[in-house]
Amino acid sequence: MNVKDANVLIVATCGPEAPDRCAAPFFFAQKAAAMGASVGICFILHSALLLKQGVAENIYAKEGGRPISDFIVKALDAGVEFHVCDAALRMNDISSDELIEEIDNLVGPNFLITKGLDADLVLNL
Amino acid sequence: MNVKDANVLIVATCGPEAPDRCAAPFFFAQKAAAMGASVGICFILHSALLLKQGVAENIYAKEGGRPISDFIVKALDAGVEFHVCDAALRMNDISSDELIEEIDNLVGPNFLITKGLDADLVLNL
Amino acid sequence: MNVKDANVLIVATCGPEAPDRCAAPFFFAQKAAAMGASVGICFILHSALLLKQGVAENIYAKEGGRPISDFIVKALDAGVEFHVCDAALRMNDISSDELIEEIDNLVGPNFLITKGLDADLVLNL
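Residues numbered from 1 in each chain as written. Chains lettered and ligands numbered in written order. Predicted model: local features only at pLDDT ≥ 70, side-chain atom pairs only at ≥ 80, totals over all residues. Heavy atoms only, no water.

## Some remarks on the sheet that holds strand β1 (residues 7-12) of chain A
Residues and elements named next belong to chain A.
Inference 1: What the five strands build is an open sheet, ordered β4-β3-β2-β1-β5; its pairing is parallel. Edge positions in the open sheet fall to β4 (106-107) and β5 (121-124), since each of these has one partner strand only.
Inference 2: Along the sheet, helix α4 (residues 110-118) contacts β1, β2 (38-43), β3 (81-85), β4 and β5; its crossing angle with β1, the most-contacted strand, is approximately 145°. (Pairing = 2+ DSSP bridges. Helix = DSSP H or I, 4+ residues; strand = E, 2+ residues; numbered from the N terminus. Contact = heavy atoms within 4.5 Å. Axes fitted to C-alpha atoms, helices over the stretch in contact; angles between N-to-C directions.)

And the structure:
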């Protein structure tokens, strides 16, 4: 199918416990959005920690590379929508007030299922 | 598509080596089943260890939270089907006799492919 | 759908840092190919290290089992196509010259999106 007509959902599952895996969801989301797809990232498990203020600036997927916060900005600039699972906030003891201000969309766990069913491609990263 | 008509396959890949990731397959499976979807979990890699008798009672995704065995019971009660890959049993040196009694469905590795092709949504957790 | 008509994409994400997870992408890809599907593996993150010459011979998913290089050979023999993401090469400081000679297909990150959209089943392992 044509990428411009596509709905892509990326499920981010890793956080600061696996820094080398943290850039990928934002990186591939930004690429898909740049190709014209409608792209969302659903944050579950420890990935929600990456959206806590002050965290992503200090995490690097590769030593000497760009911080995860750079990847986040690029994804947002490309139009990627961020959906944070409220269960992930509870798991990580984060309140919604502590999230970066670009996040205005908390979702329940059912969202992953319904959004996933509507997506043309689901990538779990 | 309507969730009630949907076929959801969750691929569980983590076991006791990553306790914080162990609740998610059961949690999202239960949510999907509660919304009316037909849901199965296919257990590969170390996730099969969670179904060995006496294991899940002592694993917690979050300190102070509920044991994984609670998530397992809730998923089963919601009608989620459990499919255990026999290759995962061999990898973890488990015999089928050691599994919790709710498991009566061992599958070969081809099952992941055929079931995945039939599913409307596949989540790898 | 009939497996023989199916297009299966496996996304390999783990490398030597998680040896127990390294056989699965090749194992399931080979099974799908043996059933008649068209199967590709897209290598991202540290999984690209498995294709560096001399690496996979010394990694074992299970102690006492077969080395990952055996799983690689079996997948290639079954007709599985290997697609290595150039971003993964950069992340792991590998040049394309260092890859095993069976690899002649470097892809950009957009490939994961376009190939994923064309696939009937995407498994992230």
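On we go.
## Details of the packing of helix α1 (residues 24-34) of chain C against helix α2 (residues 68-77) of chain C
Residues and elements named next belong to chain C.
Inference 1: Axis separation between α1 and α2 bottoms out at 9 Å; the angle between their running directions is 25°. On the basis of their axis angle, the class for α1 and α2 is roughly parallel. The interaxial crossing formed by α1 with α2 has left-handed handedness. Contacts between α1 and α2 involve Phe-26, Phe-27 and Gln-30 from the first element and Ile-68, Phe-71, Ile-72, Lys-74 and Ala-75 from the second.
Inference 2: Its residues placed into classes, the contact of α1 with α2 shows six nonpolar, one polar and one charged. (Parallel < 35°, antiparallel > 145°, perpendicular 65-115°, else oblique. Left-handed = near helix turned anticlockwise from the far one by under 90°. Nonpolar A, V, L, I, M, F, W, Y, C, P; charged D, E, K, R; others polar.)

## Quick word on the sheet that holds strand β2 (residues 38-43) of chain C
Residue and element names in this part refer to chain C.
Inference 1: The five strands lie next to each other as β4-β3-β2-β1-β5, forming an open sheet whose pairing is parallel. The sheet terminates laterally at β4 (106-107) and β5 (121-124), the two strands that pair on one side only.
Inference 2: Sheet topology note: the strand β3 (residues 81-85)/β4 ladder contains two bridges and is parallel. Each residue of the ladder has a partner; that of Val-84, found in β4, is Leu-106.
Inference 3: Each of β1 (7-12), β2, β3, β4 and β5 touches helix α4 (residues 110-118); the most contacted strand, β1, lies at about 145° to it.

## Section: the layout of surface pockets
Inference 1: Considered as a void within the structure, the largest pocket measures approximately 520 Å³ in volume.
Inference 2: Looking at the largest pocket, it is lined by 24 residues, and the ones nearest its centre are Arg-21 of chain A, Cys-14 and Arg-21 of chain B together with Cys-14 and Arg-21 of chain C.
Inference 3: Split into classes, the residues belonging to the lining of the largest pocket amount to nine nonpolar, six polar and nine charged. (1 Å grid on protein atoms, 1.4 Å probe; cavity = no way out; pocket = protein on both sides within 12 Å on 5 of 7 lines; lining within 4 Å. Points joined across faces, edges and corners; volume = space filled by probe spheres on them.)

## With respect to the interface of chain B and chain C
Think of interface size as the accessible area that goes away when the parts come together; that is how it is often given.
Inference 1: If you look at the interface, chain B gives 21 residues, while chain C gives 19 residues.
Inference 2: In this assembly, chain B packs against chain C so that about 1,700 Å² is buried in total across both faces, 69% of it on carbon and sulfur atoms.
Inference 3: Of all residues in chain B, Ile-113, Leu-117 and Asn-124 of chain B give up the largest surface area on contact with chain C, accounting jointly for 35% of the area buried on that side.
Inference 4: At the junction of chain B with chain C, the criterion picks out one salt bridge.
Inference 5: For the salt bridge of Asp-93 of chain B with Lys-62 of chain C, the shortest nitrogen-to-oxygen distance reads 2.7 Å.
Inference 6: Inspection of the chain B/chain C interface yields six residue pairs in polar contact (both at pLDDT 80 or more).
Inference 7: Among the elements of the structure, α3 (86-91), α4 (110-118) and β5 (121-124) of chain B are those that each provide at least two residues to the side of chain B that touches chain C.
Inference 8: By residue number, the principal contributor to the side of chain B that touches chain C is α4 of chain B, which donates seven residues.
Inference 9: When its residues are assigned to classes, the side of chain B that touches chain C shows eleven nonpolar, six polar and four charged. (Buried area = accessible area lost by both parts, 1.4 Å probe. Salt bridge = Lys/Arg side-chain N within 4 Å of Asp/Glu carboxyl O. Polar contact = N/O pair within 3.5 Å; in protein donor to acceptor, adjacent residues only side chain to side chain.)

## A word on the confidence of the model for chain A
Inference 1: With 100% of its residues at a pLDDT of 70 or more, chain A shows a mean pLDDT of 97.
Inference 2: Interface confidence in the predicted complex, given as ipTM, is 0.96; pTM for the same model is 0.97. (pLDDT = per-residue confidence, 0-100.)

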